[in-house]
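# Close look at the chain arrangement
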Amino acid sequence: MIFIQEKTQLREKLRAARAAVSPLQAEAAAQAVADRALALTLEKLENPAPVALYAPLSGELDAFPLLAALARLGFLTLLPVAGEKATPLTFRLWRPGAPLVVGRFGLREPSASAPEMRPDMVFLPLLGFDVEGTRLGFGGGYYDATLDNLRAKGLKAAVGLAFSCQQAEKIPREKHDQQLDFVITEKKLFDFTDS
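Residues numbered from 1 in each chain as written. Predicted model: local features only at pLDDT ≥ 70, side-chain atom pairs only at ≥ 80, totals over all residues. Heavy atoms only, no water.

## Comments concerning the environment of Ala 162
Inspection of the secondary structure puts Ala 162 in the loop between strand E9 (157–161) and strand E10 (182–184). Classification of Ala 162 by relative accessible area gives buried; the value is 0%. With 74 residues separating them in the primary sequence, Ala 162 and Pro 88 have C-alpha atoms 22 Å apart. Once residues lying within four places of it in the same chain are set aside, the contact partners of Ala 162 are Val 33, Leu 61, Leu 126, Phe 129, Ile 184, Thr 185 and Glu 186. (Helix = DSSP H or I, 4+ residues; strand = E, 2+ residues; numbered from the N terminus. Buried < 20%, exposed > 50% of the residue type's maximum accessible area, 1.4 Å probe, protein only. Contact = heavy atoms within 4.5 Å.)

Here it is as structure tokens:
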């Protein structure tokens, strides 16, 4: 119960911090993050590997500059499709310019006709993160279930994309919470693979 209260309060605080980022700052941050994330991808994966990203919700760091750069280089860019709460996401191929449909929770997703694929690397949104690689999401459990599932199948890296203001001192970690391998902000790349 204490974990739930702490996480709820932390979510409110971090949402407010993220909401204070101006559109101009957000655009610059998305490009800086894309540059760092592209370098990390080229270091970790062989081209053309499948890479999962996300269609950002309001306030989330925009992953589309990174997706466009990866697509230009020939990587297979995937977007998530949500099912039942706390179940693993599925990923479908999506290229810039292709249509998106509105799915569960208002998420923009590839159409059901797009091929389903398993990513080698996942770039994911978050509300907050700490110096141990703990991720605070929206509480649905989708990415925890997804990372648990994909790691059992050889996932190379789980990378959170965030604004630097989304770093928290300490996020309460529960048994099911999946640690991130990296977090990339406009200021820094955090590497948690040795921790």
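## Some thoughts on helix H4 (residues 142–151)
Counting buried positions along H4 yields 7 of 10 residues, so the element is predominantly enclosed. All of the buried residues along H4 are Tyr 142, Tyr 143, Asp 144, Ala 145, Thr 146, Leu 147 and Leu 150. Those residues of H4 that are buried lie in contact with strand E2 (76–81), strand E3 (90–93), strand E6 (121–124), strand E8 (135–136) and E9.

## Let's talk about the sheet that holds strand E11 (residues 189–191)
Strand order in the open sheet formed by 7 strands is E3-E2-E1-E6-E9-E10-E11, and the pairing between neighbours is mixed. Where the open sheet ends on each side, the last strands, each with one partner, are E3 and E11. Strand-to-strand twist in this sheet, taken as the mean axis angle between neighbours without regard to direction, amounts to 25°. Running over the sheet, helix H2 (residues 23–44) touches strand E1 (50–52), E6, E9, E10 and E11 and is turned about 150° from E10. In this fold helix H3 (residues 64–72) packs onto E1, E2, E6 and E9, with an angle of close to 140° to the strand it touches most, E2. (Pairing = 2+ DSSP bridges. Axes fitted to C-alpha atoms, helices over the stretch in contact; angles between N-to-C directions.)

## So, the side chain of Lys 7
Secondary-structure assignment places Lys 7 in helix H1 (residues 2–19). The exposure class assigned to Lys 7 is buried, which follows from its relative accessible area of 7%. With residues up to four places along the chain from it excluded, the contact list for Lys 7 reads Leu 136, Pro 172, Glu 174 and Asp 177.

## Side note on the nonpolar core
One finds Leu 53, Leu 66, Phe 123, Val 159, Leu 161 and Ile 184 to be the most contacted residues of the largest nonpolar core, which totals 49 residues. Broken down by secondary-structure element, the contributors of at least two residues to this core are H2, E1, H3, E2, E6, H4, E9 and E10. Counting residues per element, this core draws most heavily on H2, at 6 residues. In contact with Ile 184, other than residues within four places in its own chain, are Val 33, Arg 36, Ala 37, Leu 40, Phe 123, Val 159, Gly 160, Leu 161, Ala 162 and Leu 189. Counting 5 residues, the second largest nonpolar core, distinct from the first, contains Leu 10, Leu 14, Ala 168 and Ile 171. (Core = buried A, V, L, I, M, F, W, Y, C linked by side-chain atoms within 4.5 Å.)

## A word on the pattern of salt bridges
Going through the model one piece at a time under the given rule, you end up with 5 salt bridges. Lys 7 is the salt-bridge partner of Asp 177, the closest N and O atoms lying 3.0 Å from each other. A residue pair is termed long-range when its members are at least 10 positions apart, and Asp 177 in the loop between E9 and E10 and Lys 7 in helix H1 qualify at 170 residues. An identical accessibility class is assigned to Asp 177 and Lys 7; each is buried. Between Lys 44 and Glu 43 there is a salt bridge, with its nearest N and O atoms 3.9 Å apart. Overall, the relative accessible area of 33% leaves Lys 44 in the partly exposed class. (Salt bridge = Lys/Arg side-chain N within 4 Å of Asp/Glu carboxyl O.)

These values are about where atoms sit, not about what they do.
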